[in-house]
Every structure is written in structure tokens, then in C-alpha cells.
Amino acid sequence: MMKKIRLTVQLLFTIITNGYTYGFLNGKIYRGGLKYVCVPGLNCYSCPGAFASCPIGALQALLNQQGFQIPFAMIGFFFLFGSLLGRFVCGWLCPFGLVQDLLHKIPVFRKKKTLPFHRYLKYGKYAVLLLLVGVGSMFLFGGFAKVPAFCKYLCPSGTLLGAIPLLSANESLRSQIGGLFFWKFGILLLIVILSIKYFRPFCQYLCPLGAIYGLFNRFSLVQIHWEKERCISCKACERACPAALSIAEISRSPECIRCGKCIEACPEACLHFGRSGKREGTSENINLHTKKGAES
Amino acid sequence: MGFWRKNRQWLCGVLAGVILLAIGAAQGQLAVIWQKAVMICMECIGIG
């Protein structure tokens, strides 16, 4: 049930935020007032359907300005969404996350949760955030202008949601394709192939937005609460967790995307969305405690 | 009091977010974002 709800939310959010059909048909992008605001997930603002801006693109646009200004607007945006949702955004509201989830459903290859050397590679997203989004955007120049280094050299979401639909509908853009496009297309292809075998490789190892939201996971409003006293240690949740987290790490770890697979897998229903202690004393809890007590 | 103790971390985060967002907006940063977002980003699509 949780799986279906999540897929529905992911699809609806992606369709609603990328619903500018005129752009897809004519190879143009939306230029209205909604682009003053950002969507919470990684959604290229050069996608012909995009109604709003990409948070990482927006952060780089501010860092690309002449001189240096603290990007207050985007730091505020990350605090706002991070404090409310944490990486729930990745699991439920990110279009590129949805793409990887769908690719992972393709029934070829033996599925694996993580890449080899996961314990080291998972820090890659922080390196991308620091070096490409931060330092790269402030100090890399193309001519006299600073360049959005992450968008330019890495972002596969821009290639998939922006470049491919725009280039297929706009001939004048197509005529300008060069080596950079093929570099980015190669990265997209690699991520696509890896996504079929491994769970969300881009989110786990490269996404700077996931790195930012992960920092808020420990205290965000949306949490997965574990009722430890009712847990029978069957480890069904750990087997179900696509990010290979232990029960103590679920929800608090920066790697948890709150996909809810652990909640669905728990036979005792001792995991649920909510904040610590919120369900204490509900009738459901009391009944289960009584039942357990009677059995023992 | 109990509500505040349980929820203060994320509430402070939200409050900080709103204040920072307002400071950024007052400095004209949302307009900078809009100007970038309404032009096709050549770097994003692998041309620029």
C-alpha cells in the first residue's frame, strides 16, 4: 500500500510541476512568475515543462553573480524544506529520484542495494556539493562569466529533463551540440545503467541536494518513529531498507530517504511516520501491548 | 512546554529558513533566480 501511495505522489508531483505542455511541443521553456520559486527536488529549470526553478541551479545562479554575496534566499529555502521534510523530498518529491526508482524496477540484472566501497563512495555527494556547486560555481570561469559547474559538467537531470526534450523539439539548439553534450549524455547513460542494478546510485553517491537535506534528517519534522519496546528484532525492516541501513540508523541517518519500505515490512507495526512518542498511549498501542503481554 | 521541547529543533530550523528567505528576497535574490530560470540554461543542456 505504502509503495503505491509513494509512486502516486511521485508521479503526481512530477506531472504537476512539469506540466507546461506548450514547452514540450515547441521546444521552449516556461517564462512566468512561478519561476521565482523553487521546487524542493532536483528538477532542471530548463526542462520545457518546468513551472518552477531547480534549487541547486538557483544556488549556483546566486554564487555565479559578480563579487560574492551570501545566497541567503537558498540557504533559507534549504533550512525551510530540510527542517520540515529532510530527505523525504528525495523519496517522495524528486522527479529524478522517480526516474531511478522506475529504472530499478526493470527486471534485468540481480538487484543490489549499494555499490562496492559504499562506505567511502557515499561521501561523494558532499564532495560534489563542496567542489562543484560551491567552489566550482564561485571560481570556474567560462570567458568572463562564472559557470554553474554542477549543471555544466555533471547534472544528469538536466540532460534527461532539459536537454533531451529541448533538443528533440528545437532544431537551432540541436545544431549547436558539441563535446560537452556527449560528456553529459555519457554520464546520464552510466547513471541509467547503474540505476537498473543498484538502488538510486545518483542519490546515494552524487546528489548535492540529497547531501544538503541529509544534514536535516536527524531533526526534521517528518521522521520514521521506531517504537523500540515493541520491536521483536526480526530485522525485516533492515532487509527491506533499500539504502542498507540498520534499524538504529533508519530515519536519523543522512542516507534515509523516508521511502517507507521499512514501515511496510514491519510485521509488528512498530515503525511509522511521525515524531518520537507521538503515538504513545493510543488505543492501538495499548491493544498491541496487552496482546503481547497476554502471549508472554 | 512539552510541545516546545519535543519540536524546538525543526521549529527553529523553519524560523531560520523563513528569516533567511526574507533577507534573500529583500536583497533581490529571487529576481536573480528568476532571470536565470526563464532563459534556456545552455550549460544545463550541455551546449554552453
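Bear in mind that the values here come from a model prediction, so they are computed numbers and not experimental data. (Residues numbered from 1 in each chain as written. Chains lettered and ligands numbered in written order. Predicted model: local features only at pLDDT ≥ 70, side-chain atom pairs only at ≥ 80, totals over all residues. Heavy atoms only, no water.)

**Student:** How do you make sense of the interface of chain A and chain B when you look at a structure like this?
**Tutor:** Many descriptions give the size of an interface as the accessible area lost when the pieces come together. Counting residues at the interface gives 48 residues for chain A and 33 residues for chain B. Both sides of the chain A and chain B interface together cover about 3,500 Å² of buried area, and 72% of this is carbon and sulfur. For chain A, the biggest contributors to the area lost against chain B are Arg31(A), Tyr36(A) and Phe72(A); these three give 17% of the whole. The tally of links from chain A across to chain B stands at zero salt bridges. (Contact = heavy atoms within 4.5 Å. Buried area = accessible area lost by both parts, 1.4 Å probe. Salt bridge = Lys/Arg side-chain N within 4 Å of Asp/Glu carboxyl O.)

**Student:** What's the story with the packing of helix 4 (residues 72–85) of chain A against helix 1 (residues 2–26) of chain B in this structure? I'm lost.
**Tutor:** The relative placement of two packed helices is expressed as an angle between their axes plus a distance between the axes. Look at helix 4 of chain A against helix 1 of chain B: their axes get within 7 Å of each other, and the N-to-C directions meet at 155 degrees. Classified by the angle their axes make, helix 4 of chain A and helix 1 of chain B are roughly antiparallel. Considering only the axes of helix 4 of chain A and helix 1 of chain B, their crossing is left-handed. Touching Phe72(A), Ala73(A), Ile75(A), Gly76(A), Phe77(A), Phe79(A), Leu80(A), Ser83(A) and Leu84(A) of helix 4 of chain A are Trp10(B), Gly13(B), Val14(B), Ala16(B), Gly17(B), Val18(B), Leu20(B), Leu21(B), Ile23(B) and Gly24(B), all from helix 1 of chain B. Looking at the contact of helix 4 of chain A with helix 1 of chain B residue by residue, the class counts come to 14 nonpolar, five polar and no charged. (Axes fitted to C-alpha atoms, helices over the stretch in contact; angles between N-to-C directions. Helix = DSSP H or I, 4+ residues; strand = E, 2+ residues; numbered from the N terminus. Parallel < 35°, antiparallel > 145°, perpendicular 65-115°, else oblique. Left-handed = near helix turned anticlockwise from the far one by under 90°. Nonpolar A, V, L, I, M, F, W, Y, C, P; charged D, E, K, R; others polar.)

**Student:** Just checking my understanding: could you explain the domain arrangement of chain A for this structure?
**Tutor:** All names here are of chain A. You can read the domains of chain A as domain 1 (2–214) and domain 2 (224–295). For domain 1 and domain 2, the distance between their C-alpha centroids amounts to 31 Å. With 18 residues of domain 1 in contact, the opposing surface of domain 2 contributes 18 residues. Summed over both sides, the interface between domain 1 and domain 2 buries roughly 1,500 Å², with carbon and sulfur atoms accounting for 57% of that surface. In terms of surface lost to domain 2, no three residues of domain 1 exceed Met2, Arg87 and Lys113, which account for 39% of the buried area on that side. The partner of Glu255 in a salt bridge is Lys125, and the shortest N-O contact between them spans 3.0 Å. (Domains from an automatic or database assignment.)

**Student:** Which parts of the structure should I look at to understand the pattern of salt bridges?
**Tutor:** Side chains carrying opposite charge are able to pair once their charged atoms draw close together. Residue and element names in this part refer to chain A. A complete count under the given rule lists six salt bridges over all chains for this structure. Linking Arg6 and Asp101 is a salt bridge whose minimum nitrogen-to-oxygen distance equals 3.3 Å. Within this pair, whereas Arg6 is found in helix 1 (residues 2–17), its partner Asp101 is found in helix 6 (residues 95–104), the two being separated by 95 residues in sequence. Neither residue differs from the other here; Arg6 and Asp101 are each classed as buried. (Buried < 20%, exposed > 50% of the residue type's maximum accessible area, 1.4 Å probe, protein only.)

**Student:** Quick question: what am I supposed to make of empty space enclosed by the protein here?
**Tutor:** Taking a probe equal in size to a water molecule and rolling it over the atoms shows the remaining empty space. All names here are of chain A. Within the structure shown, the criterion is met by four cavities of 30 Å³ or more. Each pocket or cavity is described by its volume, and for the largest cavity that value is around 140 Å³. Taken together, 18 residues form the lining of the largest cavity, with Pro242, Ala243, Glu255, Cys256 and Ile257 sitting closest to its centre. Per-domain counts for the lining of the largest cavity show at least three residues from each of domain 1 (2–214) and domain 2 (224–295). Taken as a whole, the second largest cavity spans an internal volume of roughly 90 Å³. Every residue lining the second largest cavity is counted, 17 residues in all, and those nearest its centre are Leu42, Cys90, Cys94, Cys203 and Cys207. The set of elements that each furnish at least two residues to the lining of the second largest cavity consists of helix 5 (88–92), helix 6, helix 13 (201–205) and helix 14 (208–214). (1 Å grid on protein atoms, 1.4 Å probe; cavity = no way out; pocket = protein on both sides within 12 Å on 5 of 7 lines; lining within 4 Å. Points joined across faces, edges and corners; volume = space filled by probe spheres on them.)

**Student:** Looking at this model, I keep getting lost on the state of the cysteines. Mind explaining?
**Tutor:** A disulfide bridge is the covalent bond that connects two cysteines by way of their sulfur atoms. Applying the stated criterion across every chain yields a total of one disulfide over all chains. With its sulfur 2.3 Å from that of its partner, Cys41(B) forms a disulfide with Cys44(B). An S-S torsion of about 75 degrees defines the bridge between Cys41(B) and Cys44(B) as right-handed. Each member of the pair, Cys41(B) together with Cys44(B), is buried. We note that Cys234(A) lacks a disulfide partner, and the nearest cysteine sulfur, in Cys266(A), lies 6.1 Å from it. On the accessibility criterion, Cys234(A) (31% relative accessible area) is partly exposed. Looking at Cys241(A), it has no disulfide partner, and the nearest cysteine sulfur is the one in Cys259(A), 6.3 Å off. Cys241(A) gets classed as buried once you look at its relative accessible area, which sits at 7%. (Disulfide = S-S within 2.5 Å.)

**Student:** Explain the environment of Phe77(A) to me, please; I cannot follow it from the model alone.
**Tutor:** Locating Phe77(A) in the fold gives a position in helix 4. For the pair Phe77(A) and Val37(A), spaced 40 residues apart in the sequence, the C-alpha separation amounts to 9.4 Å. In contact with Phe77(A), other than residues within four places in its own chain, are Cys38(A), Val39(A), Pro40(A), Pro55(A), Tyr213(A) and Leu21(B).

**Student:** What is the right way to read the side chain of Lys184(A) from this model?
**Tutor:** Among the secondary structure elements, Lys184(A) is positioned in helix 12 (residues 179–197). The side chain of Lys184(A) sits in the buried core without any salt bridge; Glu43(B) is the nearest counter-charge, 8.9 Å away. The contact partners of Lys184(A), leaving out residues within four places of it in the chain, are Cys151(A), Lys152(A), Leu154(A), Cys155(A), Thr159(A), Glu43(B), Cys44(B), Ile45(B) and Gly46(B). (Lys, Arg positive; Asp, Glu negative; His and termini not counted.)

**Student:** What exactly am I supposed to notice about the nonpolar core here?
**Tutor:** Nonpolar side chains in soluble globular proteins tend to end up buried together. Of all hydrophobic cores here, the largest spans 62 residues; its most connected members are Leu42(A), Ile56(A), Met74(A), Phe78(A), Phe150(A) and Leu271(A). Taken together, domain 1 (2–214) and domain 2 (224–295) of chain A each give at least three residues to this core, which thus spans both. With residues near it in sequence (within four places) discarded, Leu42(A) still touches Cys54(A), Ile56(A), Cys94(A), Pro95(A), Phe96(A), Phe150(A), Cys155(A), Ser157(A), Leu161(A), Phe202(A), Cys207(A) and Leu209(A). In this structure, Ile29(A), Ala163(A), Phe181(A) and Ile47(B) belong to the second largest nonpolar core, which totals eight residues. (Core = buried A, V, L, I, M, F, W, Y, C linked by side-chain atoms within 4.5 Å.)

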